[in-house]
Amino acid sequence: MLRPLLVAGALVAGAPVLGAAPAGAAPVDPTATSARTYSLAAAADGSLRFTRTSIAARAGAVTLRLRNPSSNFHNIALGTRRGRVVGRGGVSTVSARLKPGRYLYYCSVPGHRAAGMRGTLTVR
Ligand SMILES: [Cu+2]
């Protein structure tokens, strides 16, 4: 099981205020295509970003599934786990059992994370 990361302040700055949800409301993710799978994509225009910078998930087994429609190579990484690097049309996945906390997901291709290919996975 991965441990939650201590997310640096700089990273949290752009994240939405998740505490704004009504008390008791369960996180609902419309892109969850099956139980515990959460989908996102690399930007189709080749810019170094994901289509989503935050994902809410339930504790337990979580899979992040990245589609890559761009001409650059990308992957999805979560903590120390890295999905396969894929080119245009490829899909990269990473799975972990997660307890509540905040985790960083990112592309581990050199330079991509620093350029903006990252987001926050909030597990409740
Ligand atoms: Cu990348």
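Each residue is numbered by its place in its chain's sequence as written, counting from 1. Per-residue local features of the predicted model are confined to residues with pLDDT of at least 70, and side-chain atom pairs are confined, for both listing and counting, to 80 or more; whole-chain, interface and lining totals are unaffected and use all residues.

Undergrad: Report on the overall build of the chain, specifying residues and quantitative values.
TA: Helix and strand counts for the chain come out as 2 helices and 9 strands. Walking the chain from its N terminus toward its C terminus, one meets helices and strands in the order α-β-β-β-β-β-β-β-β-α-β. Counting from the N terminus, the helices are the DSSP runs of H or I reaching at least four residues and the strands are the DSSP runs of E reaching at least two.

Undergrad: So what about the pairing of strand β9 (residues 118–123)? Which residues, and what values?
TA: For a regular strand, side-chain orientation follows a simple rule: the groups alternate between the two sheet faces. Alignment of strand β3 (residues 54–57) against β9, held across 4 bridges, turns out to be parallel. Residue pairing in the sheet places Ile55 in a bridge with Leu121 of β9. Here, a strand pair is defined by DSSP locating no fewer than two bridges between the strands. For strand β8 (residues 101–106) and β9, the ladder comprises 6 bridges, and the chain directions are antiparallel. Note that in β9 the partner of Leu104 across the bridge is Thr120.

Undergrad: Could you give an account of the environment of Arg67, naming the residues involved and the relevant values?
TA: Along the chain, Arg67 falls in strand β4 (residues 60–68). For the pair Arg67 and Gly89, spaced 22 residues apart in sequence, the C-alpha to C-alpha distance is 7.0 Å. Each residue is represented by a C-beta atom placed from its backbone, and any two residues with such atoms within 7 Å are regarded as in contact. With sequence-adjacent residues up to four places away left out, Arg67 is seen in contact with Ala41 and Val91.

Undergrad: Tell me about the nonpolar core, and please be specific about residues and values.
TA: What tends to happen in soluble globular proteins is that the nonpolar side chains get buried as a cluster. One nonpolar core equals one set of buried Ala, Val, Leu, Ile, Met, Phe, Trp, Tyr and Cys residues connected by C-beta atoms within 7 Å. Residues with at least 20 neighbouring C-beta atoms inside 10 Å of their own are called buried, those with 12 or fewer are called exposed, and the rest are partly exposed, where every C-beta is derived from the backbone. Counting residues in hydrophobic clusters, the biggest one holds 20 residues, and the most contacted among them are Leu64, Ile76, Ala77, Leu78, Tyr105 and Leu121. Secondary structure elements with two or more residues in this core: β3, β4, β5 (77–78), β7 (90–98), β8 and β9. Excluding its chain neighbours within four sequence positions, the residues that come into contact with Leu78 are Leu64, Val94, Ala96, Tyr103, Tyr105 and Leu121.

Undergrad: Please provide a residue-by-residue account of the environment of Thr93, values included.
TA: With respect to the helices, strands and loops of the structure, Thr93 is situated in strand β7. A residue is classified by how many C-beta atoms lie within 10 Å of it, and Thr93, with 16 of them, is partly exposed. Through-space distance from the C-alpha of Thr93 to that of Arg65 is 4.5 Å; in sequence the pair is 28 residues apart. Every residue in contact with Thr93, bar those within four places of it in the chain, is listed here: Thr63, Leu64, Arg65, Ile76 and Gly83.

Undergrad: Just give me the short version of the sheet that holds β3, but keep the residues and values in it.
TA: Sheets are built from strands that pair by backbone hydrogen bonding, the pairs being arranged parallel or antiparallel. In space, the 5 strands of this open sheet follow the order β3-β9-β8-β5-β6, with mixed pairing throughout. The outermost strands of the open sheet, each flanked by one partner alone, are β3 and β6 (81–82). In terms of strand pairing, β5 meets β6 through 2 bridges, oriented antiparallel. Each bridged residue has a counterpart across the sheet, and for Ala77 the counterpart in β6 is Arg82.

Undergrad: Give a detailed account of the confidence of the model for the chain, specifying residues and quantitative values.
TA: Low-confidence regions, as indicated by low pLDDT, have predicted coordinates that should not be scrutinised in detail. pLDDT is defined as a per-residue confidence score from the predictor, taking values between 0 and 100. Taken residue by residue, the chain gives an average pLDDT of 83. The fraction at 70 or more is 74%. Between residues 7–25, whose pLDDT stays under 50, and residues either more than four places distant or in other chains, the model counts 11 contacts.

Undergrad: With reference to specific residues and values, describe the environment of Ala44.
TA: Its place among the elements puts Ala44 in the loop between β2 (37–41) and β3. Taking the C-beta count within 10 Å as the criterion, Ala44 has 13 such neighbours and is therefore assigned partly exposed. For the pair Ala44 and Arg88, spaced 44 residues apart in sequence, the C-alpha to C-alpha distance is 9.2 Å. Look past the residues within four positions of Ala44 in its chain and what remains in contact with it is Pro69 and Ser70.

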